[in-house]
Amino acid sequence: VTAGVSGVNANNYQIKLLAGTTGLSRFIAGDGSDAGYLDYNHDGDKWSIKTAGSERLEINSSGIDVTGSVTATSSAGDTQYPLTAYHPTSTSARTIARFQSNVGGTAEDKVVIKADGSIDVTGTVTIDGGGTISAVSTTDLKINATDDLILSAVDNIYIQPQGNDNGITLIGNGAVTLHHDSSPK
């Protein structure tokens, strides 16, 4: 272990823990047990943070791996988002966030957010506060309900089976019209 003023910049102070190329440099925080570690593994070129004797965070050449939960909370009155995911790419198909389930020991994507703003979801989708739900698929879009299927609108409902051609028009407090080739029948 060496400590002193950095040879590169006299304003910097440094502590060096030198280990072999296959060893590790370790900082230990303990209270009778060595429960907390900050390791640099020279063989794998990675940083690891361990708590209660288990690794919880790893920083390596691929990025950051976290074991356990990550909680992001904004402070009271803060208008910023507590968690931001950013991918600096011009390739819109790149994934910027992936949420997986590991039920039964097999990782399965549940939500994938891509740089172009598209979101792939496996499972239940809930959208609150209004908006549009769009599904682009080369196969049929199926809406399966375990009970009733309710379409609700403040005003009118249009079912358009081919492009923008009306198939069924339901006018609020008014008529229900069936169409063929966009002509009322």
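Everything here concerns the structure above.
Residues numbered from 1 in each chain as written. Predicted model: local features only at pLDDT ≥ 70, side-chain atom pairs only at ≥ 80, totals over all residues. Heavy atoms only, no water.

Draft legend 1. Highlighting the overall build of the chain. When helices and strands are tallied, the chain shows 0 helices and 14 strands. In the chain, the succession of α and β elements from N to C terminus is β-β-β-β-β-β-β-β-β-β-β-β-β-β. Every one of the 185 residues in the chain was classed for burial, and the buried ones make up 8%. (Helix = DSSP H or I, 4+ residues; strand = E, 2+ residues; numbered from the N terminus. Buried < 20%, exposed > 50% of the residue type's maximum accessible area, 1.4 Å probe, protein only.)

Draft legend 2. Layout of the side chain of Ser 25. Here Ser 25 lies in strand S3 (residues 24-29). Not counting residues up to four positions away in its chain, the partners in contact with Ser 25 are Leu 17, Ala 19, Leu 38, Asp 39, Tyr 40 and His 42. (Contact = heavy atoms within 4.5 Å.)

Draft legend 3. Summary view of the packing of aromatic side chains. Evaluation of the coordinates by the stated rule reveals 1 aromatic pair. Ring geometry for Tyr 40 and Trp 47: centres 5.0 Å apart, planes at 65°, overall edge-to-face. By relative accessible area, which is 36% here, Trp 47 ends up partly exposed. Stacked on the ring of Tyr 37, the Lys or Arg Lys 50 has its end atom at 5.9 Å from the ring centre. (Phe/Tyr/Trp six-rings, centres within 6.5 Å; stacked < 30°, edge-to-face > 60°. Lys NZ or Arg CZ within 6 Å of the ring centre and 35° of its normal.)

Draft legend 4. Examining a nonpolar patch on the surface more closely. Taken together, the side chains of Phe 27, Leu 38, Trp 47, Ile 49, Ile 59, Ile 64, Val 66 and Val 70 define a hydrophobic patch exposed on the protein surface, amounting to about 700 Å² of accessible area. At the level of elements, strand S5 (46-51) and strand S7 (63-66) are the ones that each hand at least two residues to the nonpolar patch. Looking at the secondary structure, you find Val 66 in strand S7. (Patch = residues over 30% accessible without salt bridge, like charges linked within 9 Å, V, L, I, M, F, W, Y side chains within 5 Å. Areas by Shrake-Rupley, 256 points an atom, 1.4 Å probe, with all protein chains shown as cover. Salt bridge = Lys/Arg side-chain N within 4 Å of Asp/Glu carboxyl O.)

Draft legend 5. Highlighting the pairing of strand S13 (residues 176-180). Where strand S12 (residues 168-170) lies against S13, 3 bridges are found, and the strand directions are antiparallel. Bridging from a neighbouring strand, Ile 168 pairs with Leu 178 of S13. As consecutive antiparallel partners, S12 and S13 are separated by 5 residues, and within that stretch Asn 173 has a phi angle of approximately 55°, a positive value. As defined by bridge partners, S13 adjoins strand S14 (residues 183-184) across 2 bridges and the pair is classed as antiparallel. Pairing of His 179 across the sheet is with Pro 184, part of S14. The hairpin turn running from S13 into S14, its antiparallel successor, is 2 residues long, and Asp 181 in that turn takes a positive phi close to 55°. (Pairing = 2+ DSSP bridges.)

Draft legend 6. Representation of the sheet that holds strand S4 (residues 36-41) in the model. Reading across the sheet, the 5 strands line up as S3-S4-S5-S6-S7 and stay open at both edges, with antiparallel pairing between neighbours. Strands at the two margins of the open sheet, each flanked by one partner only, are S3 and S7. Neighbour-to-neighbour, the strand axes of this sheet turn through a mean angle of 15°, independent of strand direction. (Axes fitted to C-alpha atoms, helices over the stretch in contact; angles between N-to-C directions.)

Draft legend 7. How the structure looks around the sheet that holds S14. Across the sheet, 4 strands lie side by side as S11-S12-S13-S14; this open sheet has antiparallel pairing. Edge positions in the sheet fall to strand S11 (157-159) and S14, since each has one partner strand and no second.

Draft legend 8. Seen up close, the environment of Ala 97. Relative to the assigned elements, Ala 97 resides in strand S8 (residues 95-101). In this structure the C-alpha to C-alpha distance between Ala 97 and Ile 119, which are 22 residues apart in sequence, comes to 9.6 Å.

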